[in-house]
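# Per-entry structural report
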Amino acid sequence: MEGLISGEVILFYVFAAAALVAAVGVISMRNPMYSAICLLACFVAVAVLFLLRHAEFLGVVQLFVYGGGIMVLFLFVIMLVNFSQLKEVDLYVGHSRAAALLVLVMASFFVALLVGVDLGPAFTEPLAFLSVEGEVMGNSQAVAWSLYRDYLLPFEIASIFLLVAMIGAVVLGREH
Amino acid sequence: MKEFVWLIPLIPLVGAFLNGVVLRNRLSRPQVGWLAVTAVGLACVLSIAAVASYMGSPEHHEHTSFEVELYDWVPAGDLEVASEEGALRDFSVSLGFMLDPLSSVMILFVTFVGTLIHIYSIGYMAHEDGFQRYFTYLNLFMGAMLTLILGNNYLVMFVGWEGVGFCSYLLIGFYYQEEFPPYAGRKAFIVNRIGDLGFMVGLLALVSNFGSLRYSELFATVAANIELAESDYVLGMSVVGFITLCLFIGAAGKSAQIPLFVWLPDAMAGPTPVSALIHAATMVTAGVYMLARSNVLFQLAGGTSQLVAIIGCATALMAATIALAQTDIKKVLAYSTVSQLGYMFLACGVGAYVAAIFHVFTHAFFKALLFLGSGSVIHAMGGEQDMRQMGGLRKFMPVTYKTFLVGTIAIAGIPPLAGFFSKDEILAETFLGGHYILWIVGLITAGLTALYMFRAVYLTFHGGFRGTAEQRNHLHESPTLMTMPLVVLAVGAVIAGLFGIPEGMLFNAVEGSNLFHHFLEPVIAELPGHGEHGHLSLGVEWILILVSVAVAVFGILAAWRNYGGPVGLGHGEEWARRFPGIHRVLVNKYSVDEFYDATVVRGTWGLARQLFRFDGAVIDGIVMMVRHVTVGVALLSGFFDKYVVDGLVNLVAWVLNRFSRMLRKVQSGLVSQYALVVVVGVLMLVFAAVILRSQ
Amino acid sequence: MFDWLADTHILSIVAYIPLVGAIFIIAFVRGSDAVRVRNIATGVAFVDFLVSLPLWFSFDPDGELFQFRESHEWISAIGVRYEFGIDGISLLMVLLTTLLGVLAILSSWTAVKERQKEYYVFLLLLQTGMLGVFMAMDFFLFYVFWEVMLVPMYFLIGIWGGPRKLYAAIKFFLYTLAGSVVMLLGILALFFFNQDGLLGHQGMGNEASFSILQFHEIGAQIPAGLQFWIFLAFFVSFAIKVPMFPFHTWLPDAHVEAPTAGSVILAGVLLKMGTYGFVRFSLPILPDATWQLLPWMAGLSIVGIVYGGLVAMAQKDMKKLVAYSSVSHLGFVMLGLFALNGPGVNGSILQMINHGLSTGALFLLVGIIYERRHTRMISEYGGISKKMPVFATYFLIITMASIGLPTLNGFVGEFTILVGVFNRSWVWATFGALGIVLGAAYMLWMYQRVFFGPMDNPDNESLEDMNRREVLYILPLVILCFWIGLYPKPFFRILEKPVDYVVARVNGDSVAATAALPGSVAPTAPPVALAEVEE
Amino acid sequence: MTEITTNHYMVVSFLLFSIGILGVMTRRNLIVVLMSIELILNAVNINLISFSYQHSDLTGQIFAIFTICVAAGEAAVGLGILLALYRLRHSTEIDRAVELEG
Amino acid sequence: MAGMSPQDFLLLGPEILLAALGLILLLWGALADKGAGNRACSTFAFLSLVVTMIYVTVQHMSLEGPTRILADSFILDGFSFVWKIMVLLAVALTVLLSQRFVEDGGYRPGEYYSLLLYAATGMMFMASGFNLISIWISLELMALSSYIMAGYFKRELKSNEAALKYFVLGALSSGVMLYGMSLLYGGTGSIQLEGIASAIAAAESPSLLVVMGWVLLVVGLLFKVAAVPFHVWAPDVYVGAPTPVTAFLAVASKTASFAILVRILYQGLPGLRVDWQIILAAVAVVTMVWGNLAALTQDNVKRLLAYSSIAHAGYVLVGVLALNEIGLWAVVYYLLAYGFITMGTFGTVILLERKSYAGETCEDYAGLASRSPFLAAMMLVFMLALTGIPPTGGFVGKFYLFAAAIQAGWTWVAVIGVLMSAVSLYYYFRIVVFMYQKETTETTPEPLREPALAGAIILCFVLTLVLGLYPAPFIEFAKTALLPLP
């Protein structure tokens, strides 16, 4: 038990750190290609964090959609526009120092606050993630069930949303 | 007949309306003139009839007045009145007229003299343009003057009061094409307005204390509430004290007393008949009429009466001395008018209201006569007014000379002509009142009067002609239209005095046979403990008479000694040389106008130089002061408007504008900066919310 | 006579005839056909005047306080009603408006040359707006007209005005708008106090209403603190309109730039709305605040009187001079109002009319020579009474009217006011009277400089005298001046009841006040102790 | 330290969130800005997941799914705009687009 | 148990219908070779919006009382009805305004109009959304469509820049909002408005998560309604975007966002009203002041209107924070009036526009009164209405808003509001000055002849006046939006 717990702890710290480092990498790489790679790393790390919170389905979705779809989209665009143009002379806009300072202050302030928040005992009934109307099946089934039953409406709206996104991409991306 | 008293002022107004509006430019000159004369003449006849019927009426015997009220004029509304312990009283003024001895006397001589002067004017103005305008104004004036006299309450009097002021404004400025007359007119009007301000305040005080302006009602209330009347009011004065002071200011303005007399001499800029009618016979005496009318109040206000007496006396002396040094014949007469008005005020001051009115009465005749005479002289001299250019005119215009002489004797106070009785009565009353200093001053003034009047006569009619040859050829006696009124007035000047021979004198031994006194008795209220008069013993009266006559004769002799005979100007110059200081002072009229300016200099910053540049001879006294102070202040406040009041507004606008540009700076166009702004906003809100919750 | 009018929609008819006329002109008359536009506009205004005349005859001075009332649902959600009705005060204002409307249009026949269609349309719209203001018995309705009327005025100044018209117009609009929006808040405060109260003050619990009479009823119960703020809110708006010192600076600009007709309406009617507001709302609704602020009001009025007079003295431009004289005269009116007694209020209302007549006439007259010489600089003239005797005469009469020469209207008003004011404080009255002297000074000075003296400016040689049309639109005013000067009784008669009502209200004597209102309940307000407010 | 609580996740997510925001505020290259936005959405997801774990309630996970889908959509449109920008200016630097200001 | 059932589908009818019509339009536009005509498509879009409007009304009539379906994620009540009608009206007017632009740009009408329809669908869902997920995703739907439309004018740098800015900042703000939602969920354990409300009520004091959560959530909405300091995108986007889209952003999207704001604040966070009233008061004041002052010195009409729309958001916020009945229907009434006025104004702008961005500086309006008096007159009325001068809807709306503030005791906010609206006169009348008091120059464009557009403007004009002169029925309409107040 001990080992397992500590193992979880270790995993958390490792991947949390990885995610943050990768994120920093994203916004600090000169070459957008590298940024993209960092972004991918970040996605993966976050996926692991999901798994650690018993969101197996979400973890996988995260890997596929982000790591697969969105990543590809980015890379594709990066390919489309020619590289030499993307080599920025300087990475940041004028006020970046001020912004950085601001963010630093904000982060330290709120982190301090958030650490202090007491949410009480967590994950009191583990079965809620696995069971559908009482009988245990598995996370995917549970998610699917509630998604297609309780959250059908958002789901439909989401479909329209994606349609619009498609139109948008076409309209905006189309050559003249 | 008396029921139609309201027609008396109306008829001249109708005349004015016809001449001025309906038949404008549709009549020949004679038609215009005679239309006007008829209007006034009718008024004259009507007033005689009215007075006659009044004297036959019960009111007269019951010593009350006869009143006609046409309609409610100003129903102002409910008001808290002191005399009724602040109870609400519906205050309202009606347009009403009244006949009583005082108004009767006034209208009689006003209409009479007025008619004569109208007739005279036809001749005098024959060659002027604006003929119809002239007569319109003249009729208008008569209407206003009669309203003033006949009104049965102070407000109607005020109407006439303002009306005559307005007409004199028009008539002084009759020659509007020139620079000076309009200016003089405005000066007259505004100085009068200052007086009227006092008058108005007085009326207001009357209203809020006694709740009425109608003489009969008002004086009754006053007599009934004497303790209220004498109770303390504002500025440490009693109620009546305050009221009478205000009224006196008004009167002083209208009757050209110190300190408001400066406008009258300038008023001579108008046509001479106008000077005769308005600035000698009628309008200027309105002040005296008002005082006499308010005798109830003044009797209660001892202090003010004192003031009136002193001011009057001072004015008399001052004007007389100034007259000594004047070389313009009309100016001489003008100052003599001021001086005579001083006498009248003196009379009122010492409580001799009847005497005052009597002097008004006689003065109307001889002063009008003198003015018309001078007018005919000026006419003959082709507009020349400087006596140094005249001389020896008696050969050329005998009628004018004789009548003028009569007038002069009358004003000099030589019995038995009109001036003697009235002036002597005033002096007697003064003496009787125990005001010996005033009496002496009055006496001296009497002498001076004789002196400067005869000086004028000698310089004008005696000696050799000093004018240009071309003037000499032009000399002639005036037409009958002008001489006829002279004669009539001369007769008046001779006999007018006989109405008021002191009782027990000469063939006049019967008790109460002093017609004038006897007639005016009821107007002067007897108030317990106020203004009671003893009686002079016949002996003292004789002595006084002799003294004053002597003084007058001395004055005449002095005039003869210096100006009479062949000497001409000689001795006059002599005097001037001997006492240059005095002479200059007199010539400069005590520099009163300059004095007013000096106060201005102190009063208004920075305008000093500009003021000094004004021609010393015709510096425009008060009006200039008013004008400069106000223009100064006005400019100041103009700046205030531009730079402070508006300045603030513009400042706000400017600030807003700056702000706007500042805010636009935030919109730099750089999206990252926008993001920054958003984030900062978010942070501020979150902090705010957290802090709100933390306490 | 005309009693049958009582139950017609006569007021609405009077109010909307100009509007209908305007719409007609917009719709059916070509702008190019200027003469036609002009004639129709004149006709409409004249008809409106004729229709409004019967009001004068059928108005019953002893009848109800407000007559010819009409009342309909409008915005029931907040109890706003479309409610018209006039008492004596409004009646006089309405007649003044319709009369000046005709004259103003007559005066612009030749003066206005371009964009005539729009010009007359705006004039007519303005007419409707002003009439509505004086007729409205619902505060919301009042406010609507109050603001509507700004727009056409803005254009009259801003399009047909002088060189600085843009500045003057927007200044006029901004000033008045800023004032009225603040008033809006005051109205709302009243509205909510009438219901459940606001800002912690217990309300009256009545159902929602904007009825002015309703507000009069509850006025006395409003706590002094609240009254104070509401009074200030109203004050800003009305004082700007009057205009009282120091809110007056929009006036000279507006007057100088506005075309003649504009100035006439502005001086004749618009300014009266401020004083009307005071007498209709501030005094009766907010008695305590009125007494509390009395010294300030009187002080400002006196400053206005003297100040206006002095500044007028310094002006070189006739219109500006007259404009500042208006500041002085309206200071007089305000002083009379705040005497808070019969004669004072009586006089000041009468003086509102007088000022409308005489100043309106003055602007018309100035307009006449401006049209001939295209300058208003006094220095440009001099001795012109030789060329234009008739004009000089009319000008003289009007001048005398405005400086209060007896037998002319100005005097009656001033005297009555002074009687009232003197009763409140002799010092105020003396200052007021001082104003009269000043008035004489600057008016006569101007008159002399323009009409007397040698005619040295050759341009004036060619001036010709007033023509028939010009006489036609001056004469009525002159006649009215004499009428009010000689026989003002009918006016006082009409004012008697409303004035008593206002005075009673402001003196906290609600019983006497409600006696004037049949069927209304007397609120039990403690009468204001005069002693404590005297100092 | 021995046990991982929701607070840990909140902290991680908030840091990720801050980094994303910083990226949006500072980077000049539009592509990287878009990536930063993705970071923000990821931070949100971490929150949602950890909270759903906290409350042992699936809703959070569902919400996360929608977040991901929206992220995809936005990425698509964002990249479309980027392409258009690139066509017009032959650059993807956002501070080139400052036509509009004031 | 909230499952999916046929009548639920019926209740979703209007939205589904509109989405379907959108799809049809899209396919029609795409498949018909060379594309269907602009006129045809716009007419189709317009009609489908009208039909939906009718459907919504009928549905509202047939329902009694609020109805919820799909696990309380979707609610039908008076509030949603009123707001759906308003947004549909706005979009319909936008369609009329758009014809010209699609014509000139030579775009595929199918795509453009279907985007509008989808945006409309999103807004309808927003009006009915009752849990955070559906609210957020529908908001995103609307936002995404508007990003695209803002960048529609692709050949123009400005348009593209507008899209870019709108997208980046929009994504940022929606990220922030989403983060807020997640915190709220963490703090209350529910994403359903009532659940949140009851959780907050249960806790004796809200946890940090809740506090941060609601602020971030509200910030996202304040961004959409362009309240200071989250307005930064508005001026640039309004100027850069094609004018019809600008009108859409200024009216439709703003209105819909207010719908959510009110819904969440009144039904989700009543327990925190003390907090959000104060914060909104601050934001409202800053917004009114900033918007009006910044507009004072603008020469570009679209930018001027952008700032003015910022200021108007401030006014509406005053009504929102008053949290009383008058306030609520004042908000509805004002948004209604504001919608017509703004649509009319932008319509006029379009009439003066050419393919480029002409017709945007005040100079282009010089002497309009003499060239086309009626258009000028209508523009005048719109300006008066924006200033809030009777007899226009703008006045009545403002009147109610400030009345609400006074009743709720927010007097100082009201004072600032009225003073600012007086200030606003100055810049609105700059346009009037040009129209009426300046002379035409040879560069000033002649207004176009556009029946549809003219019709739209006249409609807006008439309604502006009617709203000002006979508000009663509209107030009744607004009152159906009343929510149960805490």
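Above this note sits the structure.
### As for the environment of glycine 388 of chain E
Relative to the helices and strands, glycine 388 of chain E resides in the loop between α16 (373-387) and α17 (393-408). Taking the C-alpha atoms as reference points, glycine 388 of chain E and glycine 468 of chain E, separated by 80 residues in sequence, lie 9.9 Å from one another. Among residues more than four places away in sequence, those in contact with glycine 388 of chain E are Glu147 of chain C together with Gly394, Phe395 and Lys398 of chain E.

### Quick word on helix α15 (residues 302-325) of chain B
When the terminal C-alpha atoms of α15 of chain B are compared, their 36 Å separation across 24 residues agrees well with the 34 Å that a helix rising 1.5 Å per residue should span. Of all 24 residues that make up α15 of chain B, 17 are buried, and the element is covered over most of its length.

### Section: the pattern of salt bridges
For the coordinates displayed, the defined rule picks out 35 salt bridges over all chains. Between aspartate 275 of chain E and arginine 693 of chain B there is a salt bridge, with its nearest N and O atoms 2.8 Å apart. One end of the pair, aspartate 275 of chain E, is in helix α12 (residues 273-296); the other, arginine 693 of chain B, is in helix α30 (residues 671-694), on a second chain. Across the pair arginine 372 of chain C and glutamate 470 of chain C runs a salt bridge whose closest N-O atoms are separated by 2.9 Å. Note that arginine 372 of chain C is positioned in helix α14 (residues 342-373) and glutamate 470 of chain C in helix α18 (residues 468-486), a separation of 98 residues in sequence. Of the residues examined, glutamate 470 of chain C reaches a relative accessible area of 2% and is grouped as buried. By sharing partners, the salt bridges in this structure join Arg89 of chain D together with Glu161, Lys165, Asp236 and Arg303 of chain E into a single network.

### Examining the nonpolar core
Side chains of a nonpolar character, in soluble globular proteins, are inclined to be buried together. Within the largest apolar cluster, 809 residues are counted, with the highest numbers of intra-cluster contacts made by Tyr154 of chain B, Phe415 of chain C together with Trp83 and Tyr400 of chain E. Once residues within four sequence positions are removed from consideration, tyrosine 400 of chain E is found in contact with Ile75 and Ile78 of chain C together with Ile326, Trp329, Ala330, Tyr333, Pro471 and Ile475 of chain E.

### A look at the packing of helix α14 (residues 325-352) of chain E against α17 of chain E
Residues and elements named next belong to chain E. Here α14 crosses α17 at 155°, and the two axes come no closer than 8 Å. Considering the angle they form, α14 stands roughly antiparallel to α17. The crossing of α14 and α17 is left-handed. In this structure, α14 contributes Ile326, Gly327, Trp329, Ala330, Val331, Tyr333, Tyr334, Ala337 and Ile341 to the contact, and α17 contributes Gly393, Gly394, Val396, Gly397, Lys398, Tyr400, Leu401, Ala403, Ala404 and Gln407. Class assignment for the residues of the contact of α14 with α17 results in 13 nonpolar, five polar and one charged.

Rules of the game
Residues numbered from 1 in each chain as written. Chains lettered and ligands numbered in written order. Predicted model: local features only at pLDDT ≥ 70, side-chain atom pairs only at ≥ 80, totals over all residues. Heavy atoms only, no water. Helix = DSSP H or I, 4+ residues; strand = E, 2+ residues; numbered from the N terminus. Contact = heavy atoms within 4.5 Å. Expected span 1.5 Å × (residues − 1). Buried < 20%, exposed > 50% of the residue type's maximum accessible area, 1.4 Å probe, protein only. Salt bridge = Lys/Arg side-chain N within 4 Å of Asp/Glu carboxyl O. Core = buried A, V, L, I, M, F, W, Y, C linked by side-chain atoms within 4.5 Å. Axes fitted to C-alpha atoms, helices over the stretch in contact; angles between N-to-C directions. Parallel < 35°, antiparallel > 145°, perpendicular 65-115°, else oblique. Left-handed = near helix turned anticlockwise from the far one by under 90°. Nonpolar A, V, L, I, M, F, W, Y, C, P; charged D, E, K, R; others polar.

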